[in-house]
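# Results of the structural survey
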Amino acid sequence: MTYRELAVPGAWEITPVQHGDPRGVFLEYFQGGPFAQRTGHSFGLHQANLSVSAAGVLRGIHYADVPVGQAKYVTCAKGAVLDVVVDLRVGSPTFATWDTVLLDDVDRRAVYLGEGLGHAFLSLEDDSTVLYLCSEPFTPEREHGVHPLDPDVGIVWPTTARDGSPLTPQLSAKDLEAPTLAQALASGALPQADQVAAYIAGLADGSAGR
């Protein structure tokens, strides 16, 4: 298993070793020890989610208040999605920077995004199945969004599906109504980089409270 830190600090692409034979494939898509060595803290699993999306479904940009936030470890068990991490931490040197990883059923990579980061993905194939390991349970009043098509964020979304057919983004009503980055910033809804750093440091030394 190899780790590559993305352009957004606090996010990694994880590539597993696949063991295949005529019966199929086996792999470990999460390893607690190497994860802790790379990130400096363990991953506390409190919820596991699964979503199935048609081609063109666009989910995000989602994030949670910090503390306690919600770190995510994401992989695609079937199909393909373009996974996007956005730095939403006000005061971060890389604020508004985004990076992408193709998650699919070929390379079977995963993405880890720490607290304070925004997450989105676009499904590139019907029935794309995404698995999320979450450090905290879903708490509606702490969950927020930024519009994924906001030109000020400037994410370059694919326009063709895995089979070459054209893609039309499909957003939920909630994501369609999400504020722009500028609106979220003006309202004070975005995470503060110093608070995120302090919380993550507390995870490392065991002092972080929920």
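Residues numbered from 1 in each chain as written. Predicted model: local features only at pLDDT ≥ 70, side-chain atom pairs only at ≥ 80, totals over all residues. Heavy atoms only, no water.

### Regarding helix 4 (residues 193-205)
Given a rise of 1.5 Å per residue, 13 residues ought to cover 18 Å, and the 19 Å separating the end C-alpha atoms of helix 4 matches this to within 8%. Those residues of helix 4 that fall on the buried side of the exposure criterion are A193, V196, Y199 and G202. Two residues or fewer after helix 4 comes G206, characterised by a positive phi angle close to 85°. (Helix = DSSP H or I, 4+ residues; strand = E, 2+ residues; numbered from the N terminus. Expected span 1.5 Å × (residues − 1). Buried < 20%, exposed > 50% of the residue type's maximum accessible area, 1.4 Å probe, protein only.)

### What to know about unusual backbone geometry
Glycine aside, a negative phi is what most residues show, and trans is what most peptide bonds show. Cis geometry marks the peptide bond from G60 to I61, where omega comes out at 5°. When you line up the elements, I61 lands in strand 6 (residues 58-64). Residue P67 is bonded to the preceding V66 through a cis peptide linkage, with omega at -5°. Counting through the fold element by element, P67 comes out in the loop between strand 6 and strand 7 (72-78). Phi at R108 takes a positive value of approximately 55°, unusual for a residue other than glycine. Residue position: R108 is located in the loop between strand 9 (98-104) and strand 10 (110-113). Look at R108 and you get partly exposed, because its relative accessible area is 24%. In the Ramachandran plot, D127 falls in the positive-phi region, its phi being about 65° despite a non-glycine side chain. Here D127 shows up in the loop between strand 11 (117-123) and strand 12 (128-134). By relative accessible area, which is 43% here, D127 ends up partly exposed.

### Observations regarding the UniProt feature "active site" (unreviewed entry) in the protein
Listed under "active site" (unreviewed entry) in the UniProt record, and renumbered for this structure, are H62 and Y132. Spanning 71 residues, the annotated positions come together in the fold, the maximum distance between their C-alpha atoms being 13.1 Å. In this fold, H62 is placed in strand 6. Overall, the relative accessible area of 27% leaves H62 in the partly exposed class. Relative to the helices and strands, Y132 resides in strand 12. Residue classification places Y132 among the buried positions, given a relative accessible area of 11%. (UniProt positions renumbered as here; feature names shortened; annotations may be inferred.)

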